[in-house]
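# Examining the three-dimensional arrangement
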Amino acid sequence: MRILEIRPAAGDSTGANIVTHGQIIDAIESCIHQVELLSPKNLQPELSVALRSSLSRLSSLPPLPEPAKLRLWKLSYRLWNACVDLANTAGHSDSDCVSPSFYEEHAKLRQVAADLITFAGSIPGVPSADLKSASFLQKTGVLWHGLRRFDLASACFDRAAELASKIEPASSEEDRRFLLDLNVSRAATAFESPSGRVLALALLGRSKKLVAGDPDKHRLLAEQYFSFGKQLLARDQSSEAEESIKLLNEALDLSERGIKIAESEDETAALKDLRAKTLRFMAAAHLQSEGYEDVLKCVKAMSETVGGGGDHPSLGFLAMKGYLGLGRYDEAENELMQMAENCRIPAEVCLSAVEVFMKEAAEIGVEGAKAVFMGLVERGAVCPSVAVRIVERVLVGGGPVRARLAAELASEERVVALFRENGAGKDRAVMHAILWNQGADLFRCKDYKTSSLMFEKSMLYIPYDAEGRSLRAKCFRVLCLCYLALSQCDRAQEYINEADKLEAGIVSAFLKFKVNLEKKDDDGAVAQIQSMTNCIDFDPQFLTLASHEAVACKALTVAVFALSELLNRCTSSSSSSSDMREVSILRNALVLLLRLPEREQDALVLLRRARDRMAELGAERLFGNHKDTGGRELKWFANHAWNMGMKAGKDRCYANSAEFLELASEFYCAIENGDDGMADGEEMACKSLILAVSGMLNAENESKLAMTDCDVRKALFLLDKAGKILSAILNKQFAESTIEANFVFLYTFNNFELRGRINDPSSQVQAIQSYINTKFCIAKHLLQLGLHAADGARANPEAAKLALTTCLKIDLTSPSPDYRTVALILRKLIGVSISRKGSREEAEAAAMEIYQQAHQIIVGLQGGEYPVEEVKWLSTTAWNRSGMHVKLGRVTAAQKWMKMGLHLAKLVPEMEAYAVSMIQCLAQFEKTEAGSMERGSA
């Protein structure tokens, strides 16, 4: 309403400065007149600026005379009334017609009006002038508070408080109401600042003495306490909840005291409504601070109050949450059921209650909540988005119990039917995603049974279109994995077959492969690998994955086949299309073959492949450029070829052994040179070559089939290669050489044997001579060479004599000769002397030389040191050699052999009887021969 103008007192006279003051006041009046003519949509900021400027000029002049003060009072009321008109017009007009800056300009004009009346000060004859000025400032402060300009509002309230302080405490009811309004407004502004909260509460506390006996004032103060408590509660901080409860308690106390003194029904109803709101918010505050018992107390207080909010829809909701917090789930469920039966409670509130109940109590059985939810579905109160939200709330916290409940809700036919309506596509996709993601989480937790349930239910929300076809296939594939993990291979196969019908491709083919593995169907798994390679979207990485899966299922044959397919693709393409390097594939396949019985031939194939690829690409490209890495790979292949060759040799598979060792030699030869200039693998290459040739020779003996000329040439080539390496080793005398004497002997033996195959006896002799010249020459090895040269299928007497003679020298020069070996060598030398090429006389002389050497060796030895049976053999064979000469009339030769036999017999005590007979026989022979000569001369 307009404030009535105050008439000036009669007899006022102008002062000395009236002209100056009057000019400024005239300017102020002119501006106010313009304001009175404006509408809210064309309110200009220049007017408030001009008014503020005029007021500033006025304050710089001497004090105002009384007429000027009165005139300013009138002008302030005119400006105030004009602002009231503008506000009322703006309130009744369309908001689009009002400029956004109107409200701030309106507040500025109100501020000018308040400043004008305050500047004018007290005027004689005007009652309660200070209270009127304070009222202007208080109302302006309220405007600034509404615009959230709390600094300006606070300044207005402070100035109003200064003016109000002059009011007597025992003033009129109007004055007390103004003081209450001022305190409440000032407290509201102070409360907006954290540092002003104490002042705000102090102002409210100070206001309690102003409300005595007036229910309306009780309501005003209680509402402010309620507002503060509500603000703190809205911050949702546990630290603020206790403070909020204290403020709400104050509001509750004030409202209850107001009810007691209220006389009119309107006053009582307003206070009871405030009391109910306060109790509801107190219950919410106790919920926030987890004071569930207090929540139930608040609910009980509201329920027992007739007409005081006992039928509010939130009561059941609050009670349910309180019971849930105390773990009293049966009572919470009863509250939920009562809410559903109460027709006055909106369906939205019931749905919210169902959401909360499902979230908090899903793991203890929620048949009542399900019934409420399904009832709301039947009433048509549930839309797809709400159903999605309910299922999502059920899944909060995870776990198999909640997942099964969510699956049960989502698979209800009435719920599924909600998503068949037009426009529900987005919600259907969300529901599918929620169920799918929960299934994925459970799958990662290895709860495959519940996971499969979630995936199955998610398929209810897949549309039957092109995109849905792909999603359905994806679900079938994941279900296949679930049932594979549950070892239900038949169901897994059914699902993957369905997926393949919808969307054939490499993924489905691979899962079929996994099913075959789990069913121990190795043949089917191998066939499926071949099918995988024919898929349009085939990627070689699936072969790598297939090999890993096969190894995990202990299907090593399948794993080898997968790696073989991968190798074929590596070789057929210019660059490997797999993440694994070709050498890694070879190595892995070879390792698997070593774990399988009787797969030596396949291992040979892989090693040949590695050898061929090394020759094709170079060792660095195949095994790696880095010396350490590539060197380790190369040594791995070489060592495994060596080990397999040695094992095959022990198993008497000499042909395989020879090939393994030949391959090993090639790998060893490819190893880079060490710091000493000698290749790290050359010694092992030499050993491998020597043993490879031995394997070829042993294979011939084992099979009883003579080596072909081609095999002989190959063996000679390998042996020549070994000989070059061995020659380098022997010539350089490496201090750390690991070559053993056995290998040098074996090389010599193989060389001797192969030279005999090509009928080259001189080379055989040269081979033995070369061995004799090495530091690795050992008597027992020479004996073996000599015996083989003497008794072998391709005997070489010259080579045998060289080996045996050298062996005899070595034995005789040793500190403790083995005379049994000496005797054996002498026997063989005697036999070799007879078989050597030359005349009979030369052979006789050679044999006699050996007998004489034997006699010299035996003479001087202690009895039994030289084997007696060997002496007897020497004596007997020497004596018997004379028989042929006797028959042929070679007297001298016969006497020589008879005497040699007699000399040898005398060396053995056990042959004394034989020696006597030999002496008599020799004497008789000489006597007979002498008589014959006399008769012949006569």
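Just so it is clear, the model here is predicted, and its values are computed rather than measured. Note that residues are indexed from 1 along each chain, following the sequence as it is written. In keeping with the model being predicted, local features are shown solely for residues with a pLDDT of at least 70 and side-chain atom pairs are shown and tallied solely at 80 or more, while totals for entire chains, interfaces and linings include all residues. As a convention, hydrogens and water are excluded, and side-chain values are obtained from all of the structure's heavy atoms.

The salt bridge criterion pairs a side-chain nitrogen of Lys or Arg with a carboxyl oxygen of Asp or Glu, the two atoms within 4 Å. Under the defined criterion, the tally for this structure stands at 47 salt bridges. The closest approach of N and O atoms between arginine 420 and glutamate 413, which form a salt bridge, is 2.8 Å. For glutamate 666, the salt bridge identified is with arginine 611, shortest N-O distance 2.9 Å. In this pair, glutamate 666 sits in helix α32 (residues 654–669) while arginine 611 sits in helix α29 (residues 600–617), placing the two residues 55 residues apart along the sequence. We classify glutamate 666 as partly exposed; its relative accessible area is 22%. The buried label goes to any residue with under 20% of its type's maximum accessible area, the exposed label to any with over 50%, and the partly exposed label to all in between, with areas taken from a 1.4 Å probe on protein chains only. Classification of arginine 611 by relative accessible area gives buried; the value is 18%. Here the residues in one salt-bridge network are Asp26, Glu29, Glu36, Arg71 and Arg78, joined through shared partners. A run of H or I in DSSP becomes a helix once it reaches four residues, and a run of E becomes a strand once it reaches two; helices and strands are each numbered from the N terminus.

This paragraph deals with the packing of helix α12 (residues 292–304) against helix α13 (residues 314–325). Angular values range over 0 to 180 degrees, each being the angle between N-to-C directions of two axes fitted as lines to C-alpha atoms, with helices fitted over their stretch in contact. For the pair α12 and α13, interaxial distance at closest approach is 8 Å and the crossing angle is 155°. For the element pair α12 / α13, the angle class is roughly antiparallel. Seen along the crossing, α12 lies across α13 with a hand that is left-handed. Residues Tyr292, Val295, Leu296, Val299, Met302 and Ser303 of α12 form the contact with α13, whose own contacting residues are Leu315, Leu318, Ala319, Lys321, Gly322, Tyr323 and Gly325. Classes in brief: Ala, Val, Leu, Ile, Met, Phe, Trp, Tyr, Cys and Pro nonpolar; Asp, Glu, Lys and Arg charged; the others, Gly included, polar. Its residues placed into classes, the contact of α12 with α13 shows 9 nonpolar, 3 polar and 1 charged. Working rule for angles: under 35 degrees goes down as roughly parallel, over 145 as roughly antiparallel, 65 to 115 as roughly perpendicular, anything else as oblique. Put simply, a crossing is left-handed when the front helix is turned counterclockwise from the back one by less than a right angle, and right-handed when it is turned clockwise. It only takes one pair of heavy atoms within 4.5 Å for two residues to be counted as in contact.

On the secondary structure map, glutamate 870 appears in helix α41 (residues 868–887). Separated by 43 residues in the primary sequence, glutamate 870 and arginine 827 place their C-alpha atoms 8.6 Å from one another. Ignoring any residue separated from it by four or fewer positions in sequence, one finds glutamate 870 in contact with Ala823 and Arg827.

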